[in-house]
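Structure assessment
Here is how the chains run, residue by residue.
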Amino acid sequence: MKAKNNPVGDTENNLEAVVALAKRRGFIFQGSEIYGGLAGTWDWGPLGVALKNNIKQSWWKRFVESREDIFPVDTAILMNQKVWQASGHVGGFADPLVECNKCHKSFRADHVPQVDGVATDVCPECGKGKLEARQPFNMMFKTQVGVGGGNDSAASERDASVSYLRPETAQGMFVNFKNIIDSLHPRLPFGMAQIGKAFRNEIAPRDFLFRVREFEQMEIEYFIRESDWEKTFEMWRVEMKNWLAELGLGGGDASGGKSGENAGGKVHELEVAAEDRAHYSKRTIDFEFDFPFGRKELCGLAYRTDFDLRNHSTASGVDLSYFDEQTGERFIPHVIEPTVGVDRLALALLCSALTEDTMGDGGATGAASDNAEKRLFLKLPPEIAPVRIAVFPLLKNKPELVAKAREVYDMLRKVPGLSGRVAFDDNGNIGKRYRRQDEIGTPECVTIDFQTLEDQTVTVRDRDTGGQKRVAIGELDIK
Ligand code: ATP
C-alpha cells in the first residue's frame with residue numbers, strides 16, 4: 001500500500017474533496033439547500049452529528065469531567081440586552097468595513113488582499129471600483145423578544161424588547177458567576193464551562209465550516225487571582241496544545257513545548273499583537289491550523305482580565321466580587337479563557353484526515369497488488385471517528401453467518417461508549433464494504449466467516465494499513 005503524506009492536504013482540491021465527501025456520505029449539507037441555501041449556514045447529517053458529538057465529548061471528558069475545578073453550565077442564547085451593552089459587544093463587536101464605489105460589494109477591511117504588505121484599494125470583486133471605508137458593521141444578530149411595543153408604545157418600551165443572538169457563550173458564564181459562587185461555594189481558581197451555539201453576522205462567510213454565521217463554541221472561563229494570570233495562561237496553553245495533539249493535530253511535545261514552538265505539527269501558535277486583540281484581552285494566543293486555504297485561527301486562548309465581571313458588576317449593581325475566607329480579601333477575579341469552535345475543529349480534523357492511497361481489494365493481506373486501486377479515506381482518530389467499528393457477515397445469503405454477525409454486532413453495541421458507533425453491513429463484496437467504511441473513517445472492520453462458526457474467531461481489518469488479524473471474539477478489545 002502506498003500512502004501519500006497528506007496528499008491532498010495543501011491544495012484547494014482538499015477542501016473540495018472534503019465538501020464532496022461530507023455531502024456524499026451524509027456528514028454535512030448546505031443549509032436550506034432546496035431553496036438555494038443560506039450563506040454561512042450548514043446542516044449536519046447523521047455522520048456529522050456523530051463526528052461533532054465525539055469532538056464535544058472529547059473536550060467535555062478532558063476539561064470538565066476529569067477535573068474537579070470546572071463547573072458546567074448551559075445558559076440561554078437570548079439574554080437581556082444590557083448584558084451585551086456591559087460586555088462591550090453593542091458598542092464594539094464590529095468589523096471594519098470597506099465598500100466598492102462601483103459594484104458596492106462590502107469586504108472586511110482586514111481581509112482585503114495585500115500588495116507588498118499594504119491592503120489594496122482596488123475592488124477584488126469587479127477589479128474596477130475603489131474601496132472606501134464604511135461605518136463599522138456590528139456582527140450581532142438583533143432580534144425582538146415578545147410582541148414588542150405595539151402601535152403607540154413609547155420607544156423605551158420597544159427598546160426593552162430588543163435582544164441579540166449571543167455571539168459568544170462566554171457572557172452566559174459571567175452573568176452566572178454569582179450563582180455558582182452562592183450555590184457551590186468553589187474556591188479560586190475554578191472555571192465554568194459550556195458548549196453551545198453562537199451567532200455572528202459575518203460579512204463574508206466562506207471556506208465551508210470555517211467562517212459561518214451559526215456555529216458552536218466550547219468555552220471555559222477560568223477565574224483566578226490577578227497575580228496568577230501568567231502561570232495559569234501557560235497551564236491552559238499547554239492543556240490546549242496537548243489536547244489538539246491527542247486529536248492528531250500535533251504541534252509540540254508532551255510537555256507542551258514553549259509558546260510559539262512547533263515541532264512540525266499542523267497547529268501553530270500565534271501571539272496576537274495588541275492592536276489585533278479583542279477589546280477585552282490583555283494577551284491572546286491563536287492556535288492556527290494549516291487549512292487548505294491558508295494558515296488560519298482554529299481556536300484561541302485569551303486573558304480577559306477582570307473586564308467582564310467588573311463591567312457586569314457596575315452595570316447590574318450586583319456585587320460580583322469573590323471573598324477569600326482564608327485571607328479575608330475581597331476582589332473581582334481575573335479570567336483566562338480557552339475557546340474552541342466545534343465547526344472549525346471538525347473542518348480541521350476532516351482536512352487533516354483526508355488521505356489518498358492505493359490499496360488492494362482487501363484480500364488476505366490488504367497489501368498493494370496488481371489490482372490495487374486508489375482509495376480516498378478519512379484517517380480520523382478512533383475517538384473521533386463517527387463509526388468506531390463495523391461488523392460484516394462474509395456472505396449475505398448464509399443465515400448462520402448473518403446470525404453470528406448480528407450476535408457480535410449486538411455484543412459490541414453493549415460495550416460502554418460504543419452503543420451508537422457500531423455499523424452492520426452485509427451489502428456487496430467485502431472489498432467494497434471496506435472502502436465504504438474507510439471513506440467515513442471507521443478504524444476497524446470485523447468479518448464473520450465460516451471459521452468463526454467453528455472456533456469463535458473473527459478477522460479484524462485495520463483501516464490505515466489494510467492489515468488483517470484473526471482474533472477471538474472474546475478478546476476483541478475496542479475502546
Ligand atoms: P476570527 O478572527 O476568525 O473571526 P475570532 O478571533 O473573532 O475569529 P473568537 O471570538 O476568539 O474568534 O471565537 C472563538 C472561536 O470560535 C474561534 O477560535 C473559532 O474557533 C470559533 N469561531 C469564531 N467565529 C467563527 C465563525 N464565524 N465561524 C466558525 N467558527 C467561529
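Below, the structure is looked at part by part. (Residues numbered from 1 in each chain as written. Predicted model: local features only at pLDDT ≥ 70, side-chain atom pairs only at ≥ 80, totals over all residues. Heavy atoms only, no water.)

Observations regarding the overall build of the protein chain
The helix and strand inventory of the protein chain stands at 13 helices and 26 strands. Within the span of the protein chain, comprising 479 residues, buried residues form 51% of the whole. Long-range pairs, those at least 24 residues apart, make up 64% of the contacts in the protein chain between residues at least 6 apart in sequence. Of the roughly 22,700 Å² of accessible surface on the protein chain, a fraction of 50% belongs to carbon and sulfur atoms. (Helix = DSSP H or I, 4+ residues; strand = E, 2+ residues; numbered from the N terminus. Buried < 20%, exposed > 50% of the residue type's maximum accessible area, 1.4 Å probe, protein only. Contact = heavy atoms within 4.5 Å. Areas by Shrake-Rupley, 256 points an atom, 1.4 Å probe, with all protein chains shown as cover.)

Observations concerning the sheet that holds strand β5 (residues 94-100)
If you walk across this open sheet you meet the three strands as β6-β5-β9, and the pairing is antiparallel. Strands at the two margins of the open sheet, each flanked by one partner only, are β6 (106-108) and β9 (131-138). Across the sheet, the mean angle separating the axes of adjacent strands is 35 degrees when strand polarity is ignored. (Pairing = 2+ DSSP bridges. Axes fitted to C-alpha atoms, helices over the stretch in contact; angles between N-to-C directions.)

A few points about the pairing of strand β26 (residues 468-472)
Summarising the sheet, strand β25 (residues 457-462) and β26 pair through five bridges and their orientation is antiparallel. Residue pairing for β26: Thr-457 is matched across the bridge by Ala-472. Once β25 ends, the chain turns through five residues before running back antiparallel as β26, passing Gly-466 with a positive phi of about 75 degrees.

Focus on unusual backbone geometry
Cis geometry is adopted by the peptide bond preceding Pro-189, which originates at Leu-188 and carries an omega value of -5 degrees. Structurally, Pro-189 is set in the loop between α7 (177-184) and β12 (190-199). A positive phi angle, near 55 degrees, is found at Ser-32, a position not held by glycine. You can see Ser-32 is positioned in the loop between β2 (28-30) and β3 (42-44). Given the relative accessible area of 38%, Ser-32 is considered partly exposed. Residue His-104 is not a glycine yet carries a positive backbone phi of 65 degrees. Its place among the elements puts His-104 in the loop between β5 and β6.

Looking at helix α8 (residues 229-246)
Three- or four-residue spacings in an α-helix give side chains the same orientation, since the helix completes a turn every 3.6 residues. In this model α8 runs 26 Å from its N-terminal to its C-terminal C-alpha over 18 residues, within 8% of the 26 Å that 1.5 Å per residue would give. Along α8, the residues classified as buried are Trp-229, Thr-232, Phe-233, Trp-236, Arg-237, Val-238, Met-240, Lys-241, Asn-242, Trp-243 and Leu-244. Two residues or fewer after α8 comes Gly-248, characterised by a positive phi angle close to 90 degrees. (Expected span 1.5 Å × (residues − 1).)

Focus: the pattern of salt bridges
Pairs may arise between side chains of opposite charge once their charged atoms sit close together. Applying the stated criterion to the full structure yields 34 salt bridges. The shortest N-O distance in the salt bridge between Glu-168 and Arg-304 comes to 3.1 Å. With Glu-168 in the loop between β11 (162-165) and α6 (170-174) and Arg-304 in strand β16 (residues 294-305), this pair connects stretches of sequence that are 136 residues apart. Here Glu-168 matches Arg-304 in class, with each residue buried. Members of the salt-bridge network, linked through shared partners, are Glu-168, Arg-304, Asp-308 and Glu-337. (Salt bridge = Lys/Arg side-chain N within 4 Å of Asp/Glu carboxyl O.)

Regarding the side chain of Thr-457
The topology assignment puts Thr-457 in strand β25. Given the relative accessible area of 13%, Thr-457 is considered buried. Here Asp-455 takes part through its side chain, which lies 2.7 Å from a polar atom of the side chain of Thr-457. In this structure the side chain of Thr-457 is engaged in a polar contact, spanning 2.9 Å, whose partner is the side chain of Arg-470. Leave out the neighbours within four places in its chain, and Thr-457 touches Gln-451, Thr-452, Arg-470, Val-471, Ala-472 and Ile-473. (Polar contact = N/O pair within 3.5 Å; in protein donor to acceptor, adjacent residues only side chain to side chain.)

Points about the packing of helix α2 (residues 46-65) against α8
It is the contact of α2 with α8, at a shortest axis distance of 12 Å, that shows an interaxial angle of 140 degrees. Between α2 and α8, the angle is such that the two are oblique. For the crossing formed where α2 meets α8, the hand is right-handed. Note on element contacts: α8 touches α2 through Trp-236, Glu-239, Asn-242, Trp-243 and Glu-246, opposite Ile-55, Ser-58, Trp-59, Arg-62 and Phe-63. Split by residue class, the contact of α2 with α8 holds five nonpolar, two polar and three charged. (Parallel < 35°, antiparallel > 145°, perpendicular 65-115°, else oblique. Left-handed = near helix turned anticlockwise from the far one by under 90°. Nonpolar A, V, L, I, M, F, W, Y, C, P; charged D, E, K, R; others polar.)

Thoughts on a nonpolar patch on the surface
A contiguous nonpolar patch, built from Leu-394, Leu-395, Phe-450 and Leu-453 and spanning about 280 Å² of accessible area, is present on the exposed surface. For Leu-395, the location among the structural elements is in the loop between β22 (389-393) and α11 (399-413). Its relative accessible area of 34% is what places Leu-395 among the partly exposed residues. (Patch = residues over 30% accessible without salt bridge, like charges linked within 9 Å, V, L, I, M, F, W, Y side chains within 5 Å.)

A word on the nonpolar core
Ranked by size, the top nonpolar core spans 65 residues in total, and within it Trp-59, Leu-298 and Leu-345 carry the most contacts. At nine residues, the largest contribution of residues to this core is made by helix α10 (residues 342-353). Excluding anything up to four places from it in sequence, Trp-59 contacts Val-64, Ala-193, Gln-194, Ile-195, Met-218, Glu-219, Ile-220, Trp-243 and Val-340. (Core = buried A, V, L, I, M, F, W, Y, C linked by side-chain atoms within 4.5 Å.)

Remarks on the sheet that holds β16
Two orientations exist for strands paired in a sheet by backbone hydrogen bonds: parallel and antiparallel. The sheet built from seven strands is open, its strands ordered β4-β12-β13-β19-β16-β15-β14 with mixed pairing. In the strand order of this sheet, the two ends are held by β4 (70-72) and β14 (267-271), each with one partner. The mean angle between the axes of side-by-side strands here comes to 25 degrees, regardless of whether they run parallel or antiparallel. As paired elements, β14 and strand β15 (residues 283-291) share five bridges and run antiparallel to each other. Considered in β15, the bridge of Val-267 is made with Phe-289.

In short, shape yes, function no, at least from these values alone.
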